[in-house]
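If you want the building blocks of each chain, they are given just below.
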Amino acid sequence: MNRRLMRTLPSTALLAALLSCNLLMSGPAHAALGGTVDSISTDSSALRGQLRSTGFVDYDVHQITSGPMVVNEYTTRAGQVFAITWHGPVPPDLQQLLGTYFPRFQSAAAAAHQNNPGLHRVFTLAQPDLVIRSAGHLRAFGGIAYLPALVPSDLAIDQLQ
Amino acid sequence: MKQVHRLSALPVLLGLLALSGCGGGSSASNTASQNSLAGGGNNIVAMTVMPGPASNQPFNQPYVTVKICLPGSATCSPVSDILVDTGSYGLRVMASALSAAGVNLPATPDPNPLAPGNTIQECLPFADGYAWGRVSLASVTVGGETTDGSVPIQVIDDSPSPMPAAPSGCAVGTALNSVDALGAKGILGVGVFTSDCGSYCAETPTPDKEIYYSCPASGNCSTVSQAVTDQVSNPVAYFPTDNNGVVLQLPSISSNGAPTAAGYLVFGIGTEANNGLGNATVLTANASGNFTTSFNGQSLPDSFIDSGSNALFFNDPSLAGDECHSNQFYCPPATTQLSATNQGGNGVTSNISFSIINVDKIGNNYALDDVAGPAPVISGFSSGYFDWGLPFFYGRTIYFALDGVEAGGTMGPYYAY
């Protein structure tokens, strides 16, 4: 059995186990940014959707689709979530998806309003260790959050698949 | 840059002219040209870009006055400084603006018999904030148009301690629960849809749709689905006539900006002598209200025309390093000339040339046609946004046609200019 397959097999098996477990509860759930597949939340308000995982050389993509709402989670070979993207009619549950990084989003949003009040349809947080970009209006929201330090070195983050 | 629209369906429109007894203006007086709007009308209301009510006032805010009444009663309040927003759908107003005039709109009860005493609240999301408040029925008048019966609106809870409190799933980003935070006393959402969320929020069950909630008198709110007809909705769709869309018009201004700008919000497309399409270019929108903008070699399929955004927002790698004000604007050292191409779902294309200046050079001007900021490219979805904010509106007449309704010969949703 080749080495790559041995490294990916446990996380795939775990995901499969969690998937079958979650079908009894509320459907597939998802891990937070920076978290690992071992820490997938089983919050009862998780997306009820279909989970499809795709393997690439240096990372896996776990796509959770619930009607028009799609969340992609990108994990390293070690199973750590280094990027999350979303697209749908409403924003996803960012508090859950951003995990321990949520307070930084809150601070940056507050700073954005401090200097520039009013309604905002775009948002950018660009710090060396955390990037969050979000945009849209009701019926069309989208965004990306990633940890630059964890992005595989040969992956252009602007060309995620 | 004054635009003159030549008539494309001369015989029919001349007939309409005769019926309305309206003449004057240029030979293209059947279209929403500046001359015919200056004459006023039942379906026209003044829309003014000016300093508004906030203590730290943002620029490029187009305001109108709206009259809000308790349904079926003469208990009414005019509320000024309402932001005209083509990027959202539905009327939202600060609770304090209504209570100051003695208009107390009750919250809509939850019709679920298993939740007696619960009321419906809404969490309206923005990119980095939210507005939280009850859903109430109101009779809404703008200019000479009044909703036929009542329409669901959102009353934003701007009390020091909102009750019920915004649930944690709602409280993402900064609360726009005050005049100072919003830069306005409310929002008049007149974009290309009637209900604010559509079928997605009407579906059951509703996990992770942190938009509509059922809230007990005390205790925790829970998310609920909300039928399309019960969602906060674009009041224009509820007018008895002139109800298939809106037209916004702002005058041309100097590239250095202007202290204020006086324009118009017009109701209806092709329904009166003053709101025909003329030879405006029609770009149909998709089910999310978006079309595709090609800019700088990028194809941006989530683009939209938005009077609620106070600048043009787009991603331009050549301006990397010129971001300023917490990555919210561009401050290029010199005026920069750019161009883009818009394409509707109908395949029609339109080339736009525009300039952007350093946002730190605007002085005391609140009307600006050449300010811009960054917008994200969302990799992983081939998604990207070009937000044609208020700078795009100066010197243009822009039409917003409602989803599923015929307007000027074409089915909405569409944008035209």
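Being a predicted model, the structure only gives us computed values, none of them experimental. (Residues numbered from 1 in each chain as written. Chains lettered and ligands numbered in written order. Predicted model: local features only at pLDDT ≥ 70, side-chain atom pairs only at ≥ 80, totals over all residues.)

Describe in detail the nonpolar core, supporting the description with residues and values.
One finds Val64(B), Val93(B), Tyr130(B), Tyr399(B) and Tyr415(B) to be the most contacted residues of the largest nonpolar core, which totals 158 residues. Each residue touching Tyr130(B), except ones within four places of it in the same chain, is listed here: Cys123(B), Leu124(B), Pro125(B), Ala166(B), Cys170(B), Ala171(B), Val172(B), Gly173(B), Ala175(B) and Leu176(B). (Core = buried A, V, L, I, M, F, W, Y, C linked by C-beta atoms within 7 Å. Buried ≥ 20, exposed ≤ 12 C-beta atoms within 10 Å, placed from the backbone. Contact = placed C-beta atoms within 7 Å.)

So, the sheet that holds strand 6 (residues 130–137) of chain A: which residues are in play, and what are the values?
Residue and element names in this part refer to chain A. Pairing is antiparallel in the open sheet, where 7 strands are placed in the order 1-2-3-4-7-6-5. For this open sheet the edge positions go to strand 1 (50–55) and strand 5 (122–127), each flanked by a neighbour on one side alone. The mean inter-strand angle of the sheet, taken between neighbouring strand axes irrespective of direction, is 10 degrees. As paired elements, strand 2 (residues 59–66) and strand 3 (residues 69–76) share 8 bridges and run antiparallel to each other. Opposite Tyr59, over in strand 3, you have Thr76 as the bridge partner. In the packing of helix 3 (residues 102–115) onto the sheet, the strands contacted are strand 5 and strand 6, and the crossing angle to strand 5 comes to about 120 degrees. (Pairing = 2+ DSSP bridges. Helix = DSSP H or I, 4+ residues; strand = E, 2+ residues; numbered from the N terminus. Axes fitted to C-alpha atoms, helices over the stretch in contact; angles between N-to-C directions.)

Any details on the domain arrangement of chain B? Residues and values, ideally.
All names here are of chain B. Each assigned domain of chain B is listed with its residue range as follows: domain 1 (52–238) and domain 2 (245–416). For domain 1 and domain 2, the distance between their C-alpha centroids amounts to 25 Å. Elements that contribute at least two residues to the side of domain 1 that touches domain 2 include exactly strand 2 (62–69) and strand 3 (76–85). Looking at which element gives the most residues to the side of domain 1 that touches domain 2, the answer is strand 3, with 3 residues. Per-class residue counts for the side of domain 1 that touches domain 2 are 11 nonpolar, 7 polar and 2 charged. (Domains from an automatic or database assignment. Nonpolar A, V, L, I, M, F, W, Y, C, P; charged D, E, K, R; others polar.)

Which residues make up the interface of chain B and chain A, and what values do they have?
Contacts between chain B and chain A engage 58 residues on the former and 48 residues on the latter. Counting residues per element, the side of chain B that touches chain A draws most heavily on helix 4 (residues 179–182) of chain B, at 3 residues. For the side of chain B that touches chain A, the class distribution of residues is 24 nonpolar, 25 polar and 9 charged.

A description of the confidence of the model for chain A should follow, citing residues and the corresponding values.
Residue and element names in this part refer to chain A. Mean pLDDT over chain A works out to 78, with 73% of the residues at or above the 70 mark. For residues 1–28, every residue scores under 50 in pLDDT, and the model assigns this stretch 30 contacts once sequence neighbours within four places are set aside. Below pLDDT 50 for its whole length, residues 39–45 participates in 17 contacts with residues either more than four positions away or in separate chains. (pLDDT = per-residue confidence, 0-100.)

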